There are 2 protein chains.
Amino acid sequence: MSQSTRKIVVDTYGADLGEEIIVRGVLTALEEYPRLGAVIVGSREVFNKAIGESNIEKDRIEFIEAEDFILSTDAPTCVFGGRDKSSMVLALNTLKQREDCFAALSPGNTGALFVGSMCRLGLRKGVKAPVLSAAIPTPHDKWVCLLDCGASLSCTPADLEKFAFLGAEFAELAFGIPNPRVGLLSNGREENKGSELTKAAYTLLKKADINFIGNIESYDLLSEEVEVVVADGFTGNIMLKSVEAVGSAAIKVVERVGRELGIENSPEIEKIIDAMSHKFDLNIYGGATFLGTVKPLVKMHGCSTEATVKSCIEQLIRVENAVNQNSQQ
Amino acid sequence: MSQSTRKIVVDTYGADLGEEIIVRGVLTALEEYPRLGAVIVGSREVFNKAIGESNIEKDRIEFIEAEDFILSTDAPTCVFGGRDKSSMVLALNTLKQREDCFAALSPGNTGALFVGSMCRLGLRKGVKAPVLSAAIPTPHDKWVCLLDCGASLSCTPADLEKFAFLGAEFAELAFGIPNPRVGLLSNGREENKGSELTKAAYTLLKKADINFIGNIESYDLLSEEVEVVVADGFTGNIMLKSVEAVGSAAIKVVERVGRELGIENSPEIEKIIDAMSHKFDLNIYGGATFLGTVKPLVKMHGCSTEATVKSCIEQLIRVENAVNQNSQQ
């Protein structure tokens, strides 16, 4: 094992398709990135089954057995001072305590991850609460980071300003976009448009040391005019899920036209549907990143696949590489 | 002219494509609906030019000349006690005063229409402010009414309850859906999910005499599980515009795949793009209806076409017919 192996911590519990999918996704990433290591936290039986077939050097994979699992129905606060043997808490504690671990992934209970990111992992100086940021692909294969996507439902103007800083930093680290353009999600582009919250946030953002381009409407989310879109968690959540909703409705339209033309099984229709799924099924891009924590933490979609896991890990490797590069400069 | 001719009032000013498009759209509707009449308010020159080519019986079309026009940059409050000679105020006053007029359309300044709908047209008993409702087509050619779409940015739980009643009534009248299912737009389906506003509204809606099915997420907007979706005006506006945003991004994906396969001009690709434009270009369905006013008022999209105008009129005819039928029972 190389001295420079950096490890990702993976809580395997909570995915709709089961734990094994998550372990297999990690193995795929390890095959592609020879300097990556992983600490997998979950059920021993599942781990043994998945690892048995793999050729990965055993010293690049560690396993921590969990005796307890946080369910989706558990109260988010359960991880505050309890559930120490759960896969989620073990994963967060491992990420916090070990210098060789640089990030963590979990497909588990989002609320519990939110609470755990504060009370188990810890926040960066000046951050009151973590922010959930989703990276959404645009039609021309660029990215836009939407935050907050549901961590903080009630926000102050200062919260939105904080989101803008964290989002701009993340867009730069994860996607290599220098000085990313930041927009404030509102019901009109003019400065005087918006709710009381967004109007007050506009005033703060105008003075902030970021590349603030003003209000944007949801029309503009995918228009490639901005790389970061800031919203309170309620609005951001609605916006994020609408991308999947409309994308999936668009796929149904293509299927219907395919049937009408009698070409529903043609390679052309298949290719269009594939491309659209790839664009609007946010699962492919792996989930949302908690920003503002001492080390990055990703909440994978509940219905994560092997590809989701690999894509999440790749994003975190990019962030890690960018951080290392910056610290060496 | 039949005694039973009922007239629609049309303010022609404010469309991106010009006034003539609006007049022509009205003429198309008159051709199709022989018992419909229209009162057109706008510039004489434009009216004369458009009407010159038409075969519609002259007594089915009246014209009112406007000397003033509300610009998109005018303050919405300008119609409050002023601008009496503007096309918008003349249209609203006509609708209010004349018994033979049953509804009005305008592509003009939304804010001014909102103010005008209260101070010029008037509200139904028990309604504090009009609500903007958009009818969105679902993949299987059904409809969902989303309201409020931007008239009231700050709402109380009681406002959302009112929206639910008005939306359910409208879905029944305009689309013939008996006892329509009403959902509350939130960040999760569980009763305990949501902002302070939606959680309080949930409690009211649960007790209300409507077919309330609980929270829905934006995933579910087009899933045909609900016919009415209730939100505050800020959130509803974001949601509405995201349908167009993602729909237009989906069309770009189809175009790109078409180019990659070298079939960008094929009838198949054209048919898919047509079907998608038809589904996600809300302009085709004509705009948003102000609910809660004494007579229906529709704000047409700024970029209205002839088809938009006709589609708006058809929707209003359906409402009018349903109201008449109910009153005869």
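For the structure, see preceding data.
Presented here is a report on the structure given in the accompanying data block. What you see is a predicted model, and the numbers here were worked out from it, not measured in a lab.

## Thoughts on the overall build of chain A
- When its secondary structure is counted, chain A shows nine helices and eleven strands.
- Taking 20 Å as the expected radius of gyration for a compact globule of 329 residues, we find that chain A reaches 20 Å, a close match to that expectation.
- Seen along its three principal axes, the alpha-carbon backbone of chain A occupies a region of about 60 × 60 × 45 Å.
- Per-residue burial for chain A yields a buried fraction of 60% across its 329 residues.
- Split by element, the accessible area of chain A, about 13300 Å² in all, is 49% carbon and sulfur.
- Here chain A holds 34 positive side-chain charges and 45 negative ones, and the gap between their average locations is 4 Å.

## So, the interface of chain A and chain B
- The interface of chain A with chain B comprises 44 residues on the first partner and 44 residues on the second.
- Summed over the shared surface of chain A and chain B, the number is four salt bridges.
- One salt bridge connects B:K271 with A:E260, and the closest N-O pair in it is separated by 3.6 Å.
- Taken together, the elements giving at least two residues each to the side of chain A that touches chain B come down to α7 (233–260) and α8 (267–280) of chain A.
- At 20 residues, α7(A) tops the list of elements feeding residues into the side of chain A that touches chain B.
- Within the side of chain A that touches chain B, the residues separate by chemical class into 23 nonpolar, eleven polar and ten charged.

## Remarks on the relation of the copies chain A and chain B
- Mapping chain A onto chain B leaves a residual RMSD of 0.0 Å; the transformation is a rotation of 180° accompanied by 0.0 Å of translation along its axis. Expressed as a symmetry operation, the mapping of one chain copy onto the other fits a two-fold axis.

## Details of the packing of helix α7 (residues 233–260) of chain B against helix α8 (residues 267–280) of chain B
Residue and element names in this part refer to chain B.
- Where α7 meets α8, the axes come as close as 9 Å, and the angle between the chain directions of the two elements is 175°. Classified by the angle their axes make, α7 and α8 are roughly antiparallel. Along the contact surface, α7 presents V243, E244, G247, A250, I251, V254, E255 and G258, while α8 presents I269, I272, I273, M276, S277 and F280.

## Some words on the sheet that holds strand β7 (residues 181–185) of chain A
Residues and elements named next belong to chain A.
- The eleven strands lie next to each other as β3-β2-β1-β4-β11-β10-β5-β6-β9-β7-β8, forming an open sheet whose pairing is mixed. The open sheet terminates on both sides in strands that have one partner only, identified here as β3 (61–65) and β8 (211–216). The average undirected angle you get between the axes of adjacent strands in this sheet is 25°.
- Against the sheet, helix α2 (residues 44–52) engages β2 (36–42) and β3, with an angle of about 160° to β3.

## Structural notes on the environment of B:A307
- You can see B:A307 is positioned in helix α9 (residues 306–328).
- Considering only alpha carbons, one finds B:A307 and B:M239, 68 residues apart in sequence, at a separation of 24 Å.

## Regarding the environment of A:L95
Residue and element names in this part refer to chain A.
- Along the chain, L95 turns up in helix α3 (residues 87–97).
- A relative accessible area of 0% places L95 in the buried class.
- Linking L95 and P296, residues 201 residues apart in sequence, is a C-alpha distance of 9.3 Å.
- Apart from the residues within four sequence positions on either side, L95 is in contact with V9, C101, F102, A103, A104, L121, K295 and P296.

## Things to note about the packing of helix α1 (residues 19–32) of chain A against α2(A)
Residues and elements named next belong to chain A.
- For the pair α1 and α2, interaxial distance at closest approach is 9 Å and the crossing angle is 40°. When the interaxial angle is binned, α1 and α2 end up oblique. Like other packed secondary-structure pairs, α1 and α2 cross with a definite hand, here right-handed. For the pair α1 and α2, the contacting residues are E19, E20, V23, R24 and L27 in the first and V46, F47, K49, A50 and I51 in the second.
- Grouping the constituent residues of the contact of α1 with α2 by class yields six nonpolar, no polar and four charged.

## Points about the nonpolar core
- Membership of the largest hydrophobic core comes to 112 residues, with the highest contact counts inside it found for A:L221, A:M276, A:F280, B:L221, B:M276 and B:F280.
- Each residue touching B:F280, except ones within four places of it in the same chain, is listed here: A:V246, A:A249, A:A250, A:V253, B:L222, B:V243, B:E244 and B:G247.

## Focus: helix α1 (residues 19–32) of chain B
Residues and elements named next belong to chain B.
- Taking 1.5 Å of rise per residue, 14 residues should cover 20 Å, and α1 covers 21 Å from first to last C-alpha, within 8% of that figure.
- For α1, the tally of buried residues reaches ten of 14 residues, placing the bulk of the element in the interior.
- Of the residues making up α1, those classed as buried are E19, E20, I21, I22, V23, G25, V26, L27, A29 and L30.

## Considering the sheet that holds strand β8 (residues 211–216) of chain B
Residue and element names in this part refer to chain B.
- Spatial strand order, β3-β2-β1-β4-β11-β10-β5-β6-β9-β7-β8: eleven strands in an open sheet with mixed pairing. Each edge of the sheet is formed by a strand with only one pairing partner; in this case those strands are β3 (61–65) and β8. Averaged over neighbouring strand pairs, the angle between their axes works out to 25° when direction is ignored.
- For strand β4 (residues 101–106) and strand β11 (residues 297–299), the ladder comprises three bridges, and the chain directions are parallel. Bridge pairing links A104 to L297 in β11.
- Sitting on the sheet, helix α2 (residues 44–52) touches β2 (36–42) and β3, and the angle it makes with β3 is about 160°.

## Examining the state of the cysteines
- According to the stated counting rule, one finds zero disulfides over all chains in the structure shown.
- Counting only cysteine sulfurs, A:C149 is the nearest neighbor of A:C145, a cysteine outside any disulfide, at a range of 9.4 Å.

## Considerations on unusual backbone geometry
All names here are of chain A.
- Residue D148 is bonded to the preceding L147 through a cis peptide linkage, with omega at 0°.
- Of note in the backbone geometry, R83 takes a positive phi value of approximately 55° without being a glycine.
- Here R83 shows up in the loop between β3 and α3.
- On the basis of relative accessibility, which here comes to 24%, the residue R83 falls in the partly exposed class.

Conventions adopted
Residues numbered from 1 in each chain as written. Chains lettered and ligands numbered in written order. Predicted model: local features only at pLDDT ≥ 70, side-chain atom pairs only at ≥ 80, totals over all residues. Heavy atoms only, no water. Helix = DSSP H or I, 4+ residues; strand = E, 2+ residues; numbered from the N terminus. Rg over C-alpha atoms; globule rule 2.2 N^0.38 Å. Buried < 20%, exposed > 50% of the residue type's maximum accessible area, 1.4 Å probe, protein only. Areas by Shrake-Rupley, 256 points an atom, 1.4 Å probe, with all protein chains shown as cover. Lys, Arg positive; Asp, Glu negative; His and termini not counted. Charge placed at Lys NZ, Arg CZ, Asp CG, Glu CD. Contact = heavy atoms within 4.5 Å. Salt bridge = Lys/Arg side-chain N within 4 Å of Asp/Glu carboxyl O. Nonpolar A, V, L, I, M, F, W, Y, C, P; charged D, E, K, R; others polar. Least-squares fit on C-alpha atoms with pLDDT ≥ 70 in both. Axes fitted to C-alpha atoms, helices over the stretch in contact; angles between N-to-C directions. Parallel < 35°, antiparallel > 145°, perpendicular 65-115°, else oblique. Pairing = 2+ DSSP bridges. Left-handed = near helix turned anticlockwise from the far one by under 90°. Core = buried A, V, L, I, M, F, W, Y, C linked by side-chain atoms within 4.5 Å. Expected span 1.5 Å × (residues − 1). Disulfide = S-S within 2.5 Å.

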